[in-house]
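A closer look at the structure
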Amino acid sequence: MAEEQCVDTQDPFVLAEQAAAVIAEGTGVARHDIALVLGSGWGQTADLIGETRASLPHDAVPGFAKAAVAGHSGTMRSVAIGDSDRRALVFGTRTHFYEGRGVRAVVHAVRTAAAAGCRAIVLTNGCGGLRAEWAPGTPVLISDHLNLTGQSPIEGANFVDLTDLYSPRLRELAQQIDPDLDEGVYVQFRGPHYETPAEVRMARVLGGDLVGMSTTLEAIAARQCGMEVLGVSLVTNAAAGISPNPLSHAEVVEAGQAAAARCGKLLARIVVAI
Ligand code: 8IG
């Protein structure tokens, strides 16, 4: 029952340690270096990052559930980074806040990545774009966010500083790799419905450039764990009211497939350089 799942008595950091131990055993490596979370449209990029050395179904690892969304793959992989002996831990899907499993479940992969040794995390997503010049298939770096969920992954009086949440160092590095990359402020709505045109105008007035249903809670949790955060959005559709066309998930998946090669190459080069 959903209610029971939300009343979580287990310490989330202990659960993350348990998940990390299962990952270490299942992948044969004690520590991973960088984590990636692949959102809508990014699933096909995993193969382009490097050679997969081991993969585990998400539901074999404590605290993870099966993939709930089309276009997401429910495996986590241990991927060799370039020809170094470093490893990336790649999550093929994420738990969204709108699934109702609670914020702890949403950020479990992030805490697991930290427990597995990752010092940096690349959070990707598919989102709606507020700028007409960002055609579907355009990747955009996240420079900052507006968390409109009203939630925080942090429990108790822990006043974590979010200045520079999205690492200026990693953003600069990404822009050196692809000088055409724009930056924008990501606005997380609760979902799972898309925004009304009025809500998209509100996001614009508030300083937003991208609208989506993920990432901000994960980024906060990653900062709490001391990880460097890079956020990359793939604009898969113009946000509601920006273009005259209605939004469809099929279109979102299609835009992701069309952009996979560029996004995969970008991620591969970023991961090597981090
Ligand atoms: I893909 O237009 C994708 N995810 N909130 N709005 C929101 N989330 C999204 C959108 C969008 N497109």
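Small disclaimer: the values here were computed from a predicted structure and weren't measured.

The next point concerns the site of the ligand. Lining the immediate surroundings of the ligand are Gly-126, Cys-127, Gly-128, Tyr-194, Glu-195, Val-211, Gly-212, Met-213, Thr-236, Asn-237, Leu-247 and Val-252. Contacts to the ligand include Gly-126, whose backbone N or O atom sits 3.5 Å from a nitrogen atom. Contact distances for the ligand include 2.4 Å between a nitrogen atom and a side-chain N or O atom of Glu-195. Taking 330 Å² as the accessible area of the ligand by itself, protein coverage stands at 96%. Among the secondary structure elements, those contributing two or more residues to the shell around the ligand are β5 (120-129), β8 (210-212) and β9 (228-238). If one sorts the elements of the shell around the ligand by residue count, β5 sits on top with 3 residues. By residue class, the composition of the shell around the ligand is 6 nonpolar, 5 polar and 1 charged.

One can expect most non-glycine residues to show negative phi and most peptide bonds to be in trans. In this structure, Pro-192 follows Gly-191 across a cis peptide bond, with omega equal to 0 degrees. Relative to the assigned elements, Pro-192 resides in the loop between β7 (182-188) and α7 (197-205). Backbone geometry places Asp-164, a non-glycine residue, at a positive phi of 60 degrees. Structurally, Asp-164 is set in the loop between β6 (138-147) and α6 (168-177). The backbone of Thr-215 sits at a positive phi, close to 75 degrees, despite the residue not being glycine. By the secondary structure assignment, Thr-215 is in the loop between β8 and α8 (216-224).

Another point: a nonpolar patch on the surface. Judged by side-chain polarity, Leu-148, Met-202 and Leu-206 come together as a nonpolar surface patch covering roughly 240 Å² of accessible area. Take Leu-206: it is sitting in the loop between α7 and β8. Classification of Leu-206 by relative accessible area gives partly exposed; the value is 45%.

Membership of the largest hydrophobic core comes to 39 residues, with the highest contact counts inside it found for Val-61, Phe-64, Met-76, Phe-91, Ile-121, Leu-210 and Val-229. A per-element tally of this core places α8 first, with 5 residues. The residues touching Phe-91, leaving out its near neighbours within four places in the chain, are Ala-35, Leu-36, Val-37, Leu-38, His-58, Phe-64, Thr-75, Met-76, Ala-109 and Ala-113.

A word on the pattern of salt bridges. What the rule picks out here adds up to 10 salt bridges. Between Glu-228 and Arg-169 there is a salt bridge, with its nearest N and O atoms 2.9 Å apart. Of this pair, Glu-228 sits in strand β9 while Arg-169 sits in helix α6, and the two are 59 residues apart along the sequence. Its relative accessible area of 42% is what places Arg-169 among the partly exposed residues. Arg-262 is the salt-bridge partner of Asp-178, the closest N and O atoms lying 3.0 Å from each other. With Asp-178 in the loop between α6 and β7 and Arg-262 in helix α9 (residues 249-273), this residue pair connects regions lying 84 residues apart in the sequence. Residue classification places Arg-262 among the partly exposed residues on the basis of a relative accessible area of 38%. Overlapping salt bridges, with partners in common, bring together Arg-131, Glu-133, Arg-204 and Asp-209 in one network.

Cut-offs applied
Residues numbered from 1 in each chain as written. Predicted model: local features only at pLDDT ≥ 70, side-chain atom pairs only at ≥ 80, totals over all residues. Heavy atoms only, no water. Near = heavy atom within 4 Å. Polar contact = N/O pair within 3.5 Å; in protein donor to acceptor, adjacent residues only side chain to side chain. Areas by Shrake-Rupley, 256 points an atom, 1.4 Å probe, with all protein chains shown as cover. Helix = DSSP H or I, 4+ residues; strand = E, 2+ residues; numbered from the N terminus. Nonpolar A, V, L, I, M, F, W, Y, C, P; charged D, E, K, R; others polar. Patch = residues over 30% accessible without salt bridge, like charges linked within 9 Å, V, L, I, M, F, W, Y side chains within 5 Å. Salt bridge = Lys/Arg side-chain N within 4 Å of Asp/Glu carboxyl O. Buried < 20%, exposed > 50% of the residue type's maximum accessible area, 1.4 Å probe, protein only. Core = buried A, V, L, I, M, F, W, Y, C linked by side-chain atoms within 4.5 Å. Contact = heavy atoms within 4.5 Å.

The quantities given are spatial measurements derived from coordinates; they are silent on function.
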